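What the coordinates show
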Amino acid sequence: SNKLNNIIYYGQLNKLNYELIINVVSELSDFNFIFVGNYNKTKKVKLRNLNFIDYLDHQNLMYLLKHSQLLWCPFNKNNLSFAMTPIKFIEALSFGIPVLSTHINYMDLLTKELIVFKDNYLEHIDFIKNFQKFENIEKKSRRIEAVKDRTWDVIIKKYINFIKK
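Everything in this summary refers to the structure shown in the same document.

Cut-offs and rules
- Throughout, a residue's number is its position along its own chain's written sequence, starting from 1.
- Totals for whole chains, interfaces and linings use every residue, but because this is a predicted model, local features are given only for residues with pLDDT of at least 70 and side-chain atom pairs only at 80 or more, for both listing and counting.
- Side-chain descriptors were evaluated using all non-hydrogen atoms of the structure, hydrogens and water having been removed beforehand.
- Throughout, exposure labels follow a simple rule: accessible area from a 1.4 Å probe, protein chains only, divided by the maximum for the residue type, with under 20% read as buried, over 50% as exposed, and the rest as partly exposed.
- Each helix is a run of H or I in the DSSP string that is no shorter than four residues. Each strand is a run of E no shorter than two, and both are numbered from the N terminus.
- A contact between two residues is defined here by any heavy atoms of the two lying within 4.5 Å.
- Nonpolar core, defined: a set of buried Ala, Val, Leu, Ile, Met, Phe, Trp, Tyr and Cys residues in which side-chain atoms within 4.5 Å join the residues together.
- Patches draw on residues past 30% relative accessible area with no salt bridge. Two like charges within 9 Å are joined, as are two nonpolar side chains (Val, Leu, Ile, Met, Phe, Trp, Tyr) within 5 Å.
- Here the open area of atoms and residues is found with the Shrake-Rupley method and a 1.4 Å probe, where only the protein chains shown may cover a residue.
- What makes a salt bridge here is a side-chain nitrogen of Lys or Arg within 4 Å of a carboxyl oxygen of Asp or Glu, nothing more.

**Topic: helix α4 (residues 87-94)**
Counted residue by residue, α4 has six buried out of eight residues, so it is predominantly covered. Taken together, the buried positions of α4 are Lys88, Phe89, Ile90, Glu91, Ala92 and Leu93. Tucked into the core, α4 has its buried residues touching β1 (6-10), α2 (58-66), β4 (70-73), β5 (99-101), β6 (115-117) and α6 (137-146). Trailing α4 by a residue or two, Gly96 shows a phi angle of about 80 degrees, which is positive.

Pasting the structure below:
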């Protein structure tokens, strides 16, 4: 597989839309899809370019994310996805990685315009095929800048300073 075509998802695999996944992954054989999560509890999908990893510790997971080209979140539409604020969005943005997701009720105004939301599988295919043509340092920097104050280090420092007052 082309090492510059790694598309990652990590987290609860039972939250995903497998019809969408099959439609998209089967059309994009030049891309390597890596799903990290509770594989034992999920629908078994066998596609040549779809790889499941049952578990990675956080450090290795962040390494894999940092070396991926896209975070893809093909969430199922349900009451759970209606009210989600996935930390994985912030983690991907912190590395400058673009994010493609199905529509969820995502209310984070500081990062919302940095995330691409699409529902139709053809739109997902089109985006994944073409997003790298439009990537540049400025976009990457804008993503990193938008979440630089969201790291645990920064949050804890603010909390400690607040307590010391």
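**Some details on the nonpolar core**
Phe33, Phe35, Trp72, Phe89 and Ile128 are the most contacted members of the largest nonpolar core, which has 47 residues in total. Among all residues touching Trp72, those that are not within four sequence positions of it are Ile7, Ile8, Tyr9, Leu20, Ile21, Val24, Val25, Phe33, Phe35, Leu100, His124 and Ile128.

**Some points on a nonpolar patch on the surface**
A cluster of nonpolar residues, Trp152, Ile155, Ile156 and Ile160, forms a patch on the protein surface that exposes about 400 Å² of accessible area. With respect to the element layout, Ile160 can be found in helix α7 (residues 152-164). Relative accessible area serves as the criterion here: at 39%, Ile160 is assigned to the partly exposed category.

These values are about where atoms sit, not about what they do.
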